[in-house]
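What follows is the residue order along each chain.
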Amino acid sequence: MDSREWQSSDSEHDTDRPAKRPRHSDTVPSSSSSHIGAPPPPHSTMHAVSNGNGHAQDPHPSPGSGGGGPLPPLSLSILGVEPLDEFIREVADFIHFQIGNRPADLDGAVEVEAKIGVLRDRDTGQRLQLPVLVETILTPNTIDLRFESNMSPKQHKHYNKLLNNLKTTTSSAHPGATLAYQHLHLVDSFHPPPDGGRGDKVRVTRDEKTDEVVASVRKIRLADLNIYSPKRAADWRISVNLEVPVPPPLGSPTHTRKKDRMSYSHEEFVIDLTQVTAMSGSGPNAKTEVLHELELELKRPEYLLATAAKRGDPNVSEQDRGAFDELIRAFVNNARILVRNADGGWQ
């Protein structure tokens with residue numbers, strides 16, 4: 001989803017990985033109007049919107065300072081390569097470990113997603129404050145915190161506008177990689193797990209208009225990885241889950257929720273911007289809560305598993321050997337783009 005007007009995160013490579021992709025700016029196109037749930041407009045006007053780095057991107061940087069003329073190209077390092085990006089490698093190792101150690105007795109699709117939100121101290125409820133200056137991966141289970149993915153309607157509208165603009169803008173680097181769009185209306189009903197099995201409740205998803213069953217799964221959470229971003233308005237969380245197909249259960253659900261979802265698909269990724277109306281109870285005790293969430297997901301679990309199986313295999317080509325890390329690199333970069341274009345508004 002790289003556009004000429006978006007600012008990408010720094011991408012690095014080493015000798016074991018394919019050549020890195022071109023760098024681009026990370027400001028986003030903005031349109032004059034949009035609303036929650038609005039489809040992409042037929043036309044949009046391009047102009048830069050800051051993503052929080054405090055500097056405008058100069059499309060025509062001046063040559064070297066003084067009268068010495070332009071600076072000659074510099075080597076990436078004294079070895080001629082960029083050092084390994086430890087952040088992306090840590091995320092790739094985390095996801096690869098969870099894939100390789102998932103329950104062998106359960107046959108389901110591996111789901112890898114990144115949710116945008118805020119990490120809060122569980123005692124005070126305030127956003128986490130740590131003595132670090134830049135984006136940081138937190139060691140699991142070392143801080144008593146909770147992750148809050150619910151954003152304000154204003155923030156939801158902000159992301160809706162940015163993503164709609166991308167839908168109407170072609171990428172200078174990959175003009176054929178367009179952003180596909182779907183507006184979905186879904187209803188989830190939740191049932192107790194069969195036979196008291198492990199995992200969350202069974203979720204049955206239906207198309208709200210046709211009542212057709214879209215999915216019936218038992219979602220088992222494998223692990224989470226929290227990323228704290230002190231310079232940004234939002235943090236993010238990577239989750240690895242296992243979705244095990246099950247027959248739709250009989251009987252009444254424990255609770256239901258409606259999802260008004262704008263789904264944007266690009267290459268190997270799906271970005272879902274969703275307004276969730278959660279309903280619990282019945283009669284005078286019924287409760288309704290409206291939430292707004294943004295998440296990035298790997299689109300093809302089978303491709304994820306295929307690349308994971310070849311990671312580091314000396315018997316395959318260099319491209320196949322590094323495909324998993326390149327997939328995770330793009331996943332991380334897309335999550336970073338979403339985080340850097342947050343403008344506040346978490347409740």
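Treat the numbers as computed from the prediction; the structure is a model and nothing was measured. (Residues numbered from 1 in each chain as written. Predicted model: local features only at pLDDT ≥ 70, side-chain atom pairs only at ≥ 80, totals over all residues. Heavy atoms only, no water.)

(A) Structural view of the side chain of Asn-241. Secondary-structure assignment places Asn-241 in strand 7 (residues 235-245). Within polar-contact distance, the side chain of Asn-241 engages the side chain of Glu-111 at 2.7 Å. (Helix = DSSP H or I, 4+ residues; strand = E, 2+ residues; numbered from the N terminus. Polar contact = N/O pair within 3.5 Å; in protein donor to acceptor, adjacent residues only side chain to side chain.)

(B) Representation of the pairing of strand 5 (residues 202-207) within the structure. Taken together, the six bridges between strand 4 (residues 180-191) and strand 5 define a ladder with antiparallel strand orientation. In the strand pairing of strand 5, Leu-186 is matched with Asp-207. In the sheet, strand 5 pairs with strand 6 (residues 213-228) via five bridges, with the strands oriented antiparallel. Bridge pairing in strand 6 links Val-204 to Ser-216. Counting the residues between successive antiparallel strands, the hairpin from strand 5 to strand 6 contains five residues, one of them, Asp-211, with a positive phi of roughly 65°. (Pairing = 2+ DSSP bridges.)

(C) Representation of unusual backbone geometry. Here the phi dihedral of Asp-211 falls at roughly 65°; this positive angle occurs in a residue that is not glycine. Take Asp-211: it is sitting in the loop between strand 5 and strand 6. Judged by relative accessible area, Asp-211 falls into the exposed class, the value being 53%. At Glu-267, a position not held by glycine, the phi torsion is positive, near 50°. Topologically, Glu-267 is positioned in the loop between strand 8 (255-266) and strand 9 (269-280). (Buried < 20%, exposed > 50% of the residue type's maximum accessible area, 1.4 Å probe, protein only.)

(D) Geometry of the packing of aromatic side chains. Tallying each qualifying case throughout the model produces two aromatic pairs. Taken together, a centroid distance of 6.3 Å and an interplanar angle of 35° make the contact between Phe-87 and Trp-236 tilted. Taken together, the residues span a long stretch of sequence, with Phe-87 in helix 1 (residues 86-100) and Trp-236 in strand 7 at a distance of 149 residues. Since its relative accessible area comes to 0%, Trp-236 is described here as buried. Between Tyr-181 and Tyr-264, the aromatic rings sit 5.2 Å apart at their centres with planes inclined by 55°, giving tilted as the arrangement. With Tyr-181 in strand 4 and Tyr-264 in strand 8, this residue pair connects regions lying 83 residues apart in the sequence. When the ring centre of Phe-87 is taken as origin, the NZ or CZ atom of Arg-336, which lies over that ring, is 4.5 Å away. (Phe/Tyr/Trp six-rings, centres within 6.5 Å; stacked < 30°, edge-to-face > 60°. Lys NZ or Arg CZ within 6 Å of the ring centre and 35° of its normal.)

(E) Looking closely at the confidence of the model for the protein chain. Taken residue by residue, the protein chain gives an average pLDDT of 83. The fraction at 70 or more is 76%. Contacts from residues 40-59, a stretch scored under 50 in pLDDT, to residues over four places away or in other chains number 36 contacts. (pLDDT = per-residue confidence, 0-100. Contact = heavy atoms within 4.5 Å.)

(F) Region of interest: the packing of helix 1 against helix 4 (residues 318-340). Running from N to C, helix 1 and helix 4 cross one another at 115°; their axes reach a closest spacing of 9 Å. The chirality of how helix 1 crosses helix 4 is right-handed. Mapping the contact onto sequence places Phe-87, Ile-88, Arg-89, Val-91, Ala-92, Ile-95, His-96 and Ile-99 in helix 1 and Phe-324, Asp-325, Ile-328, Arg-329, Val-332 and Arg-336 in helix 4. In terms of residue class, the contact of helix 1 with helix 4 is made up of nine nonpolar, one polar and four charged. (Axes fitted to C-alpha atoms, helices over the stretch in contact; angles between N-to-C directions. Left-handed = near helix turned anticlockwise from the far one by under 90°. Nonpolar A, V, L, I, M, F, W, Y, C, P; charged D, E, K, R; others polar.)

(G) Quick look at the pattern of salt bridges. Evaluated as defined, the whole model comprises 23 salt bridges. A salt bridge links Asp-272 to Arg-261; its shortest N-O distance comes to 3.7 Å. Of this pair, Asp-272 sits in strand 9 while Arg-261 sits in strand 8, placing them eleven residues apart in sequence. In this pair, the class of Asp-272 matches that of Arg-261, namely buried. Arg-261 serves as the salt-bridge partner of Glu-295, at 3.9 Å between the closest nitrogen and oxygen. You can see Glu-295 sitting in strand 10 (residues 287-298) and its partner Arg-261 sitting in strand 8, a full 34 residues away along the chain. For Glu-295, a relative accessible area of 10% translates into the label buried. Note on Arg-261: relative accessible area 15%, which makes it buried. By sharing partners, the salt bridges in this structure join Lys-115, Arg-261, Asp-272, Glu-293 and Glu-295 into a single network. (Salt bridge = Lys/Arg side-chain N within 4 Å of Asp/Glu carboxyl O.)

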